Amino acid sequence: MNGDDHRLVTASLAGDTRAFEALVIRYQDRLFNTVFRLVDNAEDARDVVQEAFLSAYQSLGSFKGDSLFFTWLYRIAINSAISMKRKQRAVVRLASGLESGTLAEPADPSESTRPGRALEMAEEERRVHEALARLSAEHRAVLVLKDMEGRKYEEIAELLDVPIGTVRSRLHRARLDLRDILLQAEKDVEQ
Amino acid sequence: MLSERALQLLTAYVDGELSSRQRKLVMRLLHKSAEARQFLKDLQQDQRRLHELPVRKLDTAFAAEVVRAIEIQPAAPTPTTVPLRRWPAWTRYAVAAAVLLALSAGLWLSNRQPTPVDLIIADNKKPAPPEQKVPGKHDALVASVVEGAASGFLEPVPPARAGMKLDFDELAKTQWHEHIVGGMAKQQAVHLDVAVTNQRQAVRRLETVLQNKGIRVVVDPPARAKLGAVHPRTEFVIYAENIRPDELAAMLYELGTDERARTSIEALTLSAVTEDDRKQLSGLLGIKAEELRDPPVQQQPLGTFIPKKDKAPATAQANPVRAGAEARVAMVLANASRTGALSSELKYFLHQRRQLQPGALQVIVIVHQA
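Residues numbered from 1 in each chain as written. Chains lettered and ligands numbered in written order. Predicted model: local features only at pLDDT ≥ 70, side-chain atom pairs only at ≥ 80, totals over all residues.

(A) Up close: the sheet that holds strand S8 (residues 361–369) of chain B. All names here are of chain B. Taken in spatial order, the seven strands make up an open sheet running S2-S6-S3-S8-S5-S7-S4, and their pairing is mixed. On the outer flanks of this sheet lie strand S2 (164–167) and strand S4 (216–219), each paired with one strand and no other. Direction aside, the axes of adjacent strands within the sheet are offset by 20° on average. The pairing of S2 with strand S6 (residues 265–272) spans four bridges and is classified as antiparallel. Bridging across to S6, Asp-167 finds its partner in Ala-267. In the packing of helix H9 (residues 199–212) onto the sheet, contacts are made with strand S3 (189–196), S4, strand S5 (236–243), S6, strand S7 (329–334) and S8, and the angle to S8 comes to roughly 160°. (Pairing = 2+ DSSP bridges. Helix = DSSP H or I, 4+ residues; strand = E, 2+ residues; numbered from the N terminus. Axes fitted to C-alpha atoms, helices over the stretch in contact; angles between N-to-C directions. Contact = placed C-beta atoms within 7 Å.)

Below, the structure is given as structure tokens:
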């Protein structure tokens, strides 16, 4: 475990809530950014992330420290996001959450200065977000972890507690499904 | 048309997780097939589009909120300790047998307790006083046995509460609207039992539908503390007044169309309010039972609690019961024994209570774990 995380976890166990707050501040945005893509809307994502931190705090005593604190936290949040998506019974929410009050930062800030770029980006985000929303929770999770988080098969398998072969096959199916959805969306726009 | 094997190789190539032998196979495939080249290009573009999605961030207040929620948790985390000595193997079987015995006993006992639907605003910690037992109210045989042979030891099983049960999916359907509106038209009060999988989220969704009707929602501090728990197990009571039947139907419909409510609410049961409900509710509110029907005019002193949006004028649309009237207030309470003085929030609620308007309802909502 990262030395600083270890120090903060130890202090949190000793009852120092400020130490835990420092862990929250350190990881809240990374976690939120991933969960947001898994659950469609900002409010649910906020709830999932908050629950993850609260669960992590309650279970801090059982955290063994043999994996990264962030990985452990991630596992809690992602599993609860997937579980939430399963319960939503694959209802597609068009343009949901994108209008929310959370802050969005462009991946490349210099690009955002070009006139009209902001609109294009918002439209592009809407298209991709909608396409993601049409995937199953399991397929969406592997795609987000691979393409947005840049994680390896092995890490994804550990996070989702599934064999590497399952990650590989889910990613394969997810990429094909995403391709079909985006292709169909492009056709719809052309018509 | 690319084969499934070719597609698998191409998607894994995009993942960057191929062996050198597989990579050579892909290179050969790309060299030979224009379709494979186009497909790979599309996959890489999709990957780039995902990677370039803007980064979402939380607001700066988030961490402080988490800490606040932690600080009202009942217990701080404790390090897991390793047992100093190993117990002999037979103790595991003994413990397992004891647990099984305890579970069996628990199940047997639970079968003699009222169901959640019957525990209307009940104080779970406090057994009902003997004088509340009404002979003939429950199963006569059971009651006679209980009262004759085991008075005060076993509770008679109350009858199941009659009502109209709606699964979550039915809320967004309009067929039952007329039924509710017609059925409730002659009622003065309605009891709404809400079975949920996530107490906190469910209460929040219910608060939202009330607020969307212009009803201010005030949360009693003990309830707020329990709602801040990771997995609150307490029942919650939401009490609102001067709600029209059609307004209630509209709120339920709105709830049924809320995807976030879908993940936390399983079913609702509508029924008439009983005298027991009133007694229990008045106990929670710290008022006399008769004051529930006829609130005294501003008898309660106003506490120190001042809601944030109190200055906002109530619009005619927000309060359709009485255009121009003051905004209505709903109260969220933990369904547990009241200890100590009334909170400022509760005093504020009592201060804001008004006489029931003709045709309007008192609505008691019980939120409990499904």
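(B) Broad picture of the interface of chain B and chain A. If you look at the interface, chain B gives 39 residues, while chain A gives 55 residues. Where the side of chain B that touches chain A is concerned, the elements lending two or more residues are helix H1 (4–15), helix H3 (34–51), strand S1 (55–57), helix H4 (62–71) and helix H12 (259–262) of chain B. Of the residues belonging to the side of chain B that touches chain A, the class tally is 19 nonpolar, eight polar and twelve charged. (Nonpolar A, V, L, I, M, F, W, Y, C, P; charged D, E, K, R; others polar.)

(C) Region of interest: H9(B). Look at H9(B): 20 Å from first C-alpha to last across 14 residues, which is about the 20 Å you get at 1.5 Å a residue. Following H9(B) by one or two positions, Gly214(B) adopts a phi angle in the positive range, close to 80°. (Expected span 1.5 Å × (residues − 1).)

(D) Geometry of helix H13 (residues 275–285) of chain B. Residue and element names in this part refer to chain B. Buried within H13 we find Asp-277, Gln-280, Leu-281, Leu-284 and Leu-285. In a view along the axis of H13, the buried residues occupy a sector of 135°, so they form one face of it. At its buried positions, H13 is contacted by S3, S5, helix H14 (289–293), S7, helix H15 (344–352) and S8. Of the residues trailing H13, Gly-286 is marked for its positive phi of about 75°. (Buried ≥ 20, exposed ≤ 12 C-beta atoms within 10 Å, placed from the backbone. Arc of directions from axis to C-beta.)

(E) Quick look at the packing of H1(B) against H3(B). Residue and element names in this part refer to chain B. Across the interface, H1 lies against H3 with an axial gap of 10 Å and an inter-helix angle of 40°. By the angle class used here, H1 and H3 are oblique. H3 is crossed by H1, and the crossing has right-handed handedness. Contacts between H1 and H3 involve Ala-6, Leu-10, Thr-11, Tyr-13 and Val-14 from the first element and Ala-36, Phe-39, Leu-40, Leu-43, Gln-44 and Gln-47 from the second. Here the contact of H1 with H3 is composed, by residue class, of eight nonpolar, three polar and no charged. (Parallel < 35°, antiparallel > 145°, perpendicular 65-115°, else oblique. Left-handed = near helix turned anticlockwise from the far one by under 90°.)

(F) How the structure looks around unusual backbone geometry. All names here are of chain A. Of note, Asp-161 is a non-glycine position whose phi angle comes to about 60°, a positive value. Along the polypeptide, Asp-161 turns up in the loop between helix H7 (153–160) and helix H8 (164–190). Overall, the presence of 10 C-beta atoms within 10 Å leaves Asp-161 in the exposed class.

(G) Region of the structure containing the pairing of S7(B). All names here are of chain B. Among the six residues of S7, six are classified as buried, and the element is accordingly described as predominantly covered. Taking every second residue as pointing to the same face, both faces of S7 are buried, with Val-329, Met-331 and Leu-333 on one and Ala-330, Val-332 and Ala-334 on the other. In this sheet, S7 lies alongside S4 in parallel orientation, the contact comprising four bridges. By the bridge assignment for S7, Val-217 is matched with Ala-330. When S5 meets S7, the two strands line up antiparallel, connected through four bridges. Its bridge partner being in S7, Ile-238 is matched across the sheet by Val-332.

(H) Quick peek at the environment of Leu171(B). All names here are of chain B. Among the secondary structure elements, Leu-171 is positioned in helix H7 (residues 168–171). Considered as a pair, Leu-171 and Gly-256 are 85 residues apart in the sequence and their alpha carbons are 4.5 Å apart. If we ignore the near neighbours within four places in the chain, the residues touching Leu-171 are Leu-166, Leu-252, Tyr-253, Leu-255 and Gly-256.

(I) The packing of H1(B) against helix H2 (residues 20–32) of chain B, seen in detail. All names here are of chain B. Packing of H1 against H2 leaves a shortest axis separation of 10 Å and a crossing angle of 110°. Overall, the two elements H1 and H2 adopt an arrangement that is roughly perpendicular. Note that H1 runs across H2; the crossing there is left-handed. In contact with Ala-6, Leu-9, Leu-10 and Tyr-13 of H1, H2 contributes Gln-22, Leu-25, Val-26 and Leu-29. Its residues assigned to classes, the contact of H1 with H2 comprises seven nonpolar, one polar and no charged.

(J) Representation of the confidence of the model for chain A in the model. Confidence in the prediction for chain A averages 81 pLDDT; 81% of positions are at 70 or higher. For residues 89–103 of chain A, every residue scores under 50 in pLDDT, and the model assigns this stretch 27 contacts once sequence neighbours within four places are set aside. (pLDDT = per-residue confidence, 0-100.)

(K) Spotlight on the nonpolar core. In terms of nonpolar packing, the biggest core is built from 57 residues, with Val194(B), Ile238(B), Ile364(B), Val365(B) and Val367(B) touching the most fellow members. Non-local contacts of Val365(B), meaning those with residues more than four positions away in its chain, are made with Leu192(B), Val194(B), Leu206(B), Val237(B) and Ile238(B). (Core = buried A, V, L, I, M, F, W, Y, C linked by C-beta atoms within 7 Å.)

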